[in-house]
Amino acid sequence: MAMVNFINDERQMFRGLYTPTSSPDDPADADGGGIPFDLSNLAREAPSDYGFCPHVVAQQTQLALDDVFDYPRFKGNALVNDLGVRSYLGTPLRDNTGMILGTVCVADFKPRAWDRQLRQGMHELTDTLLSEFRLRDSLLAQQQELFAVFDGAPFPIMLTEGPEHLLRYANGRQGQAFGMVRQFSPGRQVLPGLDAVGVFRAMDDALGSGRPVSVPQVALRTCDAPMPQEYSFLCTPVRTSPGAPFKGVLTVAMSTGGQGYSGGEPQAFAANVQQQFERLGGGPLVD
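Computed from a predicted model, the values in this text were never measured in an experiment.

A. Quick peek at unusual backbone geometry. Even without being glycine, glutamine 60 reaches a positive phi, approximately 60 degrees. Note on placement: glutamine 60 falls in the loop between α1 (53-59) and β4 (63-65). Phi angles above zero are rare outside glycine, and phenylalanine 184 is one such case at about 75 degrees. Tracing the sequence through the fold places phenylalanine 184 in the loop between α5 (172-178) and α6 (187-190).

And the structure:
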């Protein structure tokens, strides 16, 4: 059994859990048959003192137990009784700041000699994960920069996801003009004024076609003005990597009484937004 285990003061979270087939020589079994561990009662979380991984975090160094029964300190561990673990190798998992997040570990139901090569291989594996953490931090920083630009924009912007147009993000101007709504709310239901003037139909078209769609000069009542205001809308489909399906729509509202789009500006804006999102990589549009 192998896994990545994230640990804090209260609990352990088993992620990337891998269990082999009945023999290392057997082909992978998609149905999960022949697993030597009884995992039927194993949750994907556990108390912070369960198993051997907390010892790795506390000692801040790799722990290799060729045979748990050789160590009175570990022989009575609940992991031995619950799963029949007899050998264990755990390596600290650090982020790019050096903080220990948990472990990368392997275990066997029989004694096993964790030789120098295997131990070094575990260190190299955690280094690989460290590079993934660095990449994620970089992507999150880019995401924050992108949304900081949207937060400072003088016009309403919202980001929705999926065919239901679930609201994932809205800047301050969006809330002031069209009303504050809860995150993950279905857009059509919580923003009926925009639906009435055809904005969500344009968003449907943008998501389906993969091309920006505009709604030119419509009048609607807003929350921040006593009289109806005229806006044009640009609905830009977004995806998080080139070639991936479009996952959402970024909708920008421009007051036609102010500085609006003209000429090729909508296409330039749409291309810039799409390029920025594709730089962020796969995953959710907003964390």
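Here the narrative resumes.
B. View of helix α8 (residues 199-209). Taken as a whole, α8 has its buried residues at Val199, Phe200, Ala202, Met203, Ala206 and Leu207. For α8, the angular spread of the buried residues around the axis is 150 degrees, confining them to a single face. In α8, the exposed positions angled more than 90 degrees off the buried face are occupied by Arg201 and Gly208. Those residues of α8 that are buried lie in contact with β7 (157-161), α6, α7 (192-196), β9 (213-220), β10 (229-238) and β11 (248-255). Directly beyond the C-terminal end of α8, a positive phi value near 75 degrees is found at glycine 210.

C. Up close: the packing of aromatic side chains. Summed over all chains, the structure comprises 9 aromatic pairs. An angle of 40 degrees between the planes, with centres 6.2 Å apart, marks the rings of tyrosine 231 and phenylalanine 233 as tilted. Taken individually, tyrosine 231 and phenylalanine 233 each receive the classification buried, so the pair is uniform in this respect. Members of the aromatic cluster, connected to one another through ring pairs, are Phe52, Tyr71, Phe74 and Tyr88. In this structure, lysine 75 is placed above the aromatic ring of phenylalanine 69, and the distance from its NZ or CZ to the ring centre is 5.3 Å.

D. Representation of the environment of valine 4 within the structure. Here valine 4 shows up in strand β1 (residues 2-7). The spacing of valine 4 and threonine 103 is 99 residues in sequence and 5.9 Å in space, taken between C-alpha atoms. Residues in contact with valine 4, not counting those within four places in the same chain, are Met13, Phe14, Arg15, Gly16, Leu93, Thr103, Val104 and Leu129.

E. Region of interest: the side chain of aspartate 108. Tracing the backbone shows aspartate 108 in strand β6 (residues 100-108). Among the polar contacts made by the side chain of aspartate 108, one reaches the side chain of arginine 112 at a distance of 2.7 Å.

F. Highlighting helix α4 (residues 116-151). Taking 1.5 Å of rise per residue, the 36 residues of α4 would be expected to cover 52 Å, and the 52 Å separating its terminal C-alpha atoms lies within 8% of that figure. Listed in full, the buried residues belonging to α4 are Met122, Thr126, Leu130, Phe133, Gln142, Gln143, Leu146, Phe147 and Phe150. If you check the start of α4, you find a side-chain oxygen 3.2 Å away from the backbone N of glutamine 117, and it comes from aspartate 115.

Parameters and conventions
- Residues numbered from 1 in each chain as written.
- Predicted model: local features only at pLDDT ≥ 70, side-chain atom pairs only at ≥ 80, totals over all residues.
- Heavy atoms only, no water.
- Helix = DSSP H or I, 4+ residues; strand = E, 2+ residues; numbered from the N terminus.
- Buried < 20%, exposed > 50% of the residue type's maximum accessible area, 1.4 Å probe, protein only.
- Arc of directions from axis to C-beta.
- Contact = heavy atoms within 4.5 Å.
- Phe/Tyr/Trp six-rings, centres within 6.5 Å; stacked < 30°, edge-to-face > 60°.
- Lys NZ or Arg CZ within 6 Å of the ring centre and 35° of its normal.
- Polar contact = N/O pair within 3.5 Å; in protein donor to acceptor, adjacent residues only side chain to side chain.
- Expected span 1.5 Å × (residues − 1).

By themselves these figures say nothing about function.
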